Amino acid sequence: MGLSRFFVLAGIVLGLLGFVWVVRDQVGFGVRVAAALAKVVPGSPSSVLELGPAPRVTTIGYITRDGYELEADVYEPVGFDRLPAVVLVNGVEPEGRKYSGLVELADGLSRAGFVVLVPDALDYANYRVLPQDIGALVRGFQILQGRKTVDMDRVGFVGFSMGGSLAMVAAADPEIVDEVQMVAAVGSYFSLEAMIQAVTTKTVRTPNGYEFYEPDDYVWLITRNTLVSQVRDADDRSELFRIFSLPSPQPNPEAIHTFDPQGLGEQARSVYVMLTNREPDSVRPLVSKVRELMPGVFESISPKYHLDRITASISLLHDRNDPYVPVQESGRTFKMVGGSPPARLEILDVVQHAELAAPDLSPPVLFGSYIPGMWKLFRFVFDSLHGLVEVRATA
């Protein structure tokens, strides 16, 4: 066994010892959940982590609420019924439900005793989110509830990055709001406005003003595609994509020479002005103008406008130095929820946005932050998922 694997397993073992000490009556469940999570720790040998038989994986097709055809994979423990279940929602990843990290986590959660539905999104292949993705998640949740292996009163969402934000919005949907028991969101944003702020001005709003924050270029790609694709006029959409064809919000210098913003329709022109703005104080009024001309585009996929309706418990996890979504976003979500429904926020250094970081083997980091961080991470996952297990006992 390599040195890196040894230290990874050391973190896992210490986490399990914590489970034994703190939750002695739930050691079995703690071990299963820890093993499930450890499957996605870089360097962990899978052979010792596959507790229980491999789940049965079934691909299903269904029609979303808005009439789109989608597929999803369902992971089910063999030989059980009336189990807790989760809809696992990834961020914008072109591989969709077949993304290797997502497959590993779904497999691990199923071995831990959960039925897991992993749906495709409507258009992740083109690096964008659609308002109709919410209806797709709602329908996926209902389909999962209807599986014979599932206890329909113990179903929740687990989402990563943008997927966590969509999961929170879906959990507030009137069709299922009273049936969702839990939402766990990792590295997720509170409002699309904040992402516009980050990509166009390289700042994040704080109680004391603004702080410098430069997100990864991938955030610009997704934000641009998501917003521009909602412009009504097809010619205007093409023109905006031509102007904003670079991997940053800078207009393409080759295209700008033949571009006249006055030739755009009102919707597209407001988007152009918003995306070329570099002044932090101007973001809010420019976003308000776009919202006025394109109603629902921001609201439909921003938890900010839906959290007040959620009745499920909410668990939030964020990387302190997240390069995709500023950590302040989970703080804003937590503040808005305000303890009703129950909510928790954990900020860690052992994750990189929505994936686990490879361990730093230097002793000060390993013992000072990595192993304690892994304990906090395991406890976060344990507490979040154990809520679904406890529902049946208290029903």
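### Focus on the overall build of the chain
Counting its regular elements, the chain contains 13 helices and 12 strands. Residue burial in the chain is summarised as follows: out of 395 residues, 54% are buried. Counted over contacts in the chain with a minimum sequence separation of 6, partners at least 24 positions apart contribute 73%. If you sum the accessible surface of the chain, you get close to 16,700 Å²; carbon and sulfur atoms cover 54% of it.

### Describing unusual backbone geometry
With a phi angle near 55 degrees, Arg-82 is a residue other than glycine that sits in the positive phi range. Examined against the element boundaries, Arg-82 turns out to sit in the loop between strand E2 (69-76) and strand E3 (83-89). Take Arg-82: its relative accessible area is 37%, and that puts it in the partly exposed class.

### Things to note about empty space enclosed by the protein
For the structure on display, the rule yields 2 cavities of 30 Å³ or more. Empty space within the largest cavity amounts to approximately 140 Å³. The element that contributes the greatest number of residues to the lining of the largest cavity is helix H4 (residues 132-145), accounting for 3 residues. Residues that form the lining of the largest cavity fall into these classes: 10 nonpolar, 2 polar and 3 charged.

### Remarks on the pattern of salt bridges
All told, the structure shown has 22 salt bridges when counted by the stated rule. With a shortest N-O distance of 2.4 Å, Arg-128 and Asp-123 are connected by a salt bridge. On the accessibility criterion, Asp-123 (11% relative accessible area) is buried. Here Arg-242 and Glu-239 are joined by a salt bridge, their closest N and O atoms 2.8 Å apart. Of the two residues, Arg-242 and Glu-239 both sit in helix H8 (residues 234-243), 3 residues apart, roughly one turn of that helix. Through salt bridges with shared partners, a single network forms among Glu-71, Asp-73, Arg-97, Lys-98 and Asp-120.

### Some remarks on the packing of helix H6 (residues 192-201) against helix H11 (residues 283-293)
Interhelical geometry of H6 versus H11 gives an angle of 125 degrees and a closest axis separation of 10 Å. In this view, H6 runs oblique relative to H11, as classed from their interaxial angle. The interaxial crossing formed by H6 with H11 has right-handed handedness. Of H11, the residues touching H6 (which contributes Glu-193, Ile-196, Gln-197, Thr-200 and Thr-201) are Val-283, Arg-284 and Val-287. When grouped by side-chain class, the residues that make up the contact of H6 with H11 number 3 nonpolar, 3 polar and 2 charged.

### Some thoughts on the nonpolar core
Phe-157, Leu-240 and Met-274 are the most contacted members of the largest nonpolar core, which totals 77 residues. Membership of the second largest hydrophobic core comes to 28 residues, among which are Leu-88, Tyr-99, Leu-105 and Val-118.

### Remarks on the pairing of strand E6 (residues 182-186)
Burial runs high along E6: 5 of the 5 residues are buried. Going residue by residue along E6, you find Met-182, Ala-184 and Val-186 tucked away on one face and Val-183 and Ala-185 tucked away on the opposite face as well. Bridge count for strand E5 (residues 150-160) against E6 is 4 bridges, and the pairing is parallel. Note on E6: the bridge partner recorded for Phe-157 is Val-183. One crossover worth recording links E5 to the parallel E6 by way of helix H5 (residues 162-171), and it is right-handed.

### Regarding the sheet that holds strand E10 (residues 343-348)
Pairing within the open sheet is mixed, and its 8 strands lie in the order E1-E2-E4-E3-E5-E6-E9-E10. The strands lining the two open edges of the sheet, one partner per strand, are strand E1 (56-63) and E10. Across the sheet, the mean angle from the axis of one strand to that of its neighbour is 20 degrees, orientation sign disregarded. Packing of H4 onto the sheet brings it into contact with E1, E2, E3, strand E4 (115-119) and E5, and relative to E5 it is tilted by some 145 degrees.

### Points about the side chain of Ser-110
You can see Ser-110 is positioned in helix H3 (residues 100-111). The buried category is assigned to Ser-110, whose relative accessible area is 2%. Dropping the residues within four chain positions of it, Ser-110 is found in contact with Pro-55, Tyr-75, Glu-76, Pro-77 and Val-116.

### Re the environment of Val-138
Inspection of the secondary structure assignment puts Val-138 in helix H4. Among the residues examined, Val-138 registers a relative accessible area of 0% and is labelled buried. Taking the C-alpha atoms as reference points, Val-138 and Ala-172, separated by 34 residues in sequence, lie 9.6 Å from one another. With residues near it in sequence (within four places) discarded, Val-138 still touches Arg-65, Ala-170, Asp-173, Glu-175 and Ile-176.

### Some points on the environment of Pro-372
With respect to the secondary-structure elements, Pro-372 resides in helix H13 (residues 363-394). We classify Pro-372 as partly exposed; its relative accessible area is 32%. Put simply, Pro-372 and Leu-348 are 24 residues apart on the chain and 9.6 Å apart in space, counted from C-alpha to C-alpha.

Analysis parameters
Residues numbered from 1 in each chain as written. Predicted model: local features only at pLDDT ≥ 70, side-chain atom pairs only at ≥ 80, totals over all residues. Heavy atoms only, no water. Helix = DSSP H or I, 4+ residues; strand = E, 2+ residues; numbered from the N terminus. Buried < 20%, exposed > 50% of the residue type's maximum accessible area, 1.4 Å probe, protein only. Contact = heavy atoms within 4.5 Å. Areas by Shrake-Rupley, 256 points an atom, 1.4 Å probe, with all protein chains shown as cover. 1 Å grid on protein atoms, 1.4 Å probe; cavity = no way out; pocket = protein on both sides within 12 Å on 5 of 7 lines; lining within 4 Å. Points joined across faces, edges and corners; volume = space filled by probe spheres on them. Nonpolar A, V, L, I, M, F, W, Y, C, P; charged D, E, K, R; others polar. Salt bridge = Lys/Arg side-chain N within 4 Å of Asp/Glu carboxyl O. Axes fitted to C-alpha atoms, helices over the stretch in contact; angles between N-to-C directions. Parallel < 35°, antiparallel > 145°, perpendicular 65-115°, else oblique. Left-handed = near helix turned anticlockwise from the far one by under 90°. Core = buried A, V, L, I, M, F, W, Y, C linked by side-chain atoms within 4.5 Å. Pairing = 2+ DSSP bridges. Right-handed = clockwise from strand over helix to strand, strands pointing away.

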